[in-house]
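Structural characterization, general
In case you want the letters, here they are:
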Amino acid sequence: AQSVTQPDIHITVSEGASLELRCNYSYGATPYLFWYVQSPGQGLQLLLKYFSGDTLVQGIKGFEAEFKRSQSSFNLRKPSVHWSDAAEYFCAVGAARGTYKYIFGTGTRLKVLA
Amino acid sequence: EAEVAQSPRYKITEKSQAVAFWCDPISGHATLYWYRQILGQGPELLVQFQDESVVDDSQLPKDRFSAERLKGVDSTLKIQPAELGDSAMYLCASSLSRQETQYFGPGTRLLVL
């Protein structure tokens, strides 16, 4: 069974600063990896995904993530944060066979200071 | 851009009452999921459908929860009777197939008093 850890519950950055959100996973094979963003009271929006191939993945809204097999990580980055990026971010790991079930982390809440 | 539709967006009910949530997936999506998200946590899968068949309901509290997708399109999740601990966001998602990316609806926020 897979699992995912997001070590940071809250992160605060200043507008214009760079951002890195951490995600570590556990899975016996190469997993499917995702980052979703959730604004208060809303559903989840897909930012980016990794299935295979290039380990640096580009997503929407200027986000990117890098799959590092040796570290079992899939950290999300953005070079310059905008105030509208304030939200909760969820990393998910999907099984690569069977039901292809997703397991979500507990989320990282991002606060952006003006 | 096609979206997953859910209704109602908000529901307040008293404990021991019955509640039902509706989900209409993106057209053509064969796989449909219901998740529960407790405040401050990530979503947890309750049930997964492939067309009209349940493929995973291992986390569904079957004594009070039921889900159906009779024609393999839209779906209903029911809770009867509701308990205080059921207060949460209920999210529906769909994907073209099990291997494809899941897309989420806006959710139904349930408050049980």
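Since the model is a prediction, treat every value here as computed from it, not as a measurement.

**Description of the environment of A:Leu48**
Residues and elements named next belong to chain A. For Leu-48, the location among the structural elements is in strand β6 (residues 44–50). Taking the relative accessible area as the measure of exposure, Leu-48 reaches 3% and is therefore buried. As a C-alpha pair, Leu-48 and Val-81 span 33 residues in sequence and 17 Å in three-dimensional space. With residues up to four places along the chain from it excluded, the contact list for Leu-48 reads Leu-33, Phe-34, Trp-35, Val-57, Gln-58, Gly-59, Phe-63, Glu-64, Ala-65, Phe-74 and Leu-76.

**Description of the interface of chain A and chain B**
Across the contact, 20 residues belong to chain A and 24 residues belong to chain B. Approximately 1,700 Å² of surface area, both sides summed, lies buried where chain A meets chain B, with 52% of it carried by carbon and sulfur atoms. Contact with chain B buries area across many residues of chain A, yet A:Thr99, A:Lys101 and A:Tyr102 alone supply 27% of it, more than any other trio. Ionic pairing is found between A:Lys101 and B:Asp56, a salt bridge with its closest N-O pair at 3.9 Å.

**A word on the packing of aromatic side chains**
Given two aromatic rings, their pairing is described by the distance between the two centres and the angle made by the two planes. Scanning the model with the defined rule gives 18 aromatic pairs over all chains in all. Relative to B:Phe104, the ring of A:Tyr36 has its centre 5.3 Å away and its plane inclined at 80°; by these criteria the two rings are edge-to-face. Separated into two different chains, A:Tyr36 in strand β5 (residues 32–38) and B:Phe104 in strand β10 (residues 103–104) make up a pair that spans both. Note on accessibility: A:Tyr36 and B:Phe104 belong to one class, buried. Here a set of aromatic residues connected by ring pairs shows up, and it is made of A:Tyr32, A:Phe34, A:Tyr36, A:Phe51, A:Tyr100, A:Tyr102, A:Phe104, B:Tyr33, B:Tyr35 and B:Phe104. Of note, A:Lys49 hangs over the ring of A:Phe51, and the distance from its end group to the ring centre comes to 5.5 Å.

Basis of the calculations
The residue count restarts for each chain, going from 1 along the sequence in the order it is written. Each chain is given a letter, starting from A, and each ligand a number, starting from 1, according to the order in which they appear as written. Predicted model: local features are reported for residues with pLDDT of at least 70 only, side-chain atom pairs are reported and counted for 80 or more only, and whole-chain, interface and lining totals are derived from all residues. Remark: hydrogens and water are excluded; side-chain values derive from all non-hydrogen atoms of the structure. By definition, any uninterrupted DSSP run of H or I lasting at least four residues is a helix, any uninterrupted run of E lasting at least two residues is a strand, and each is numbered from the N terminus. Here the term buried applies to any residue with accessible area under 20% of the maximum for its type, exposed to any over 50%, and partly exposed to those in between, with areas from a 1.4 Å probe on protein chains only. Contact criterion: two residues are considered in contact whenever any of their non-hydrogen atoms come within 4.5 Å of each other. A quick way to say it: buried area is the sum, across both parts, of accessible area lost when two parts are put together, with a 1.4 Å probe. Salt bridge, as used here, is a side-chain nitrogen of Lys or Arg placed within 4 Å of a carboxyl oxygen of Asp or Glu. What counts as a ring pair is set by centres within 6.5 Å for rings of Phe, Tyr and Trp (its six-membered ring), and what kind of pair is set by the plane angle: stacked under 30 degrees, edge-to-face over 60, tilted for all other angles. Whether a charge sits over a ring depends on NZ of Lys or CZ of Arg being within 6 Å of the ring centre and within 35 degrees of the ring normal.

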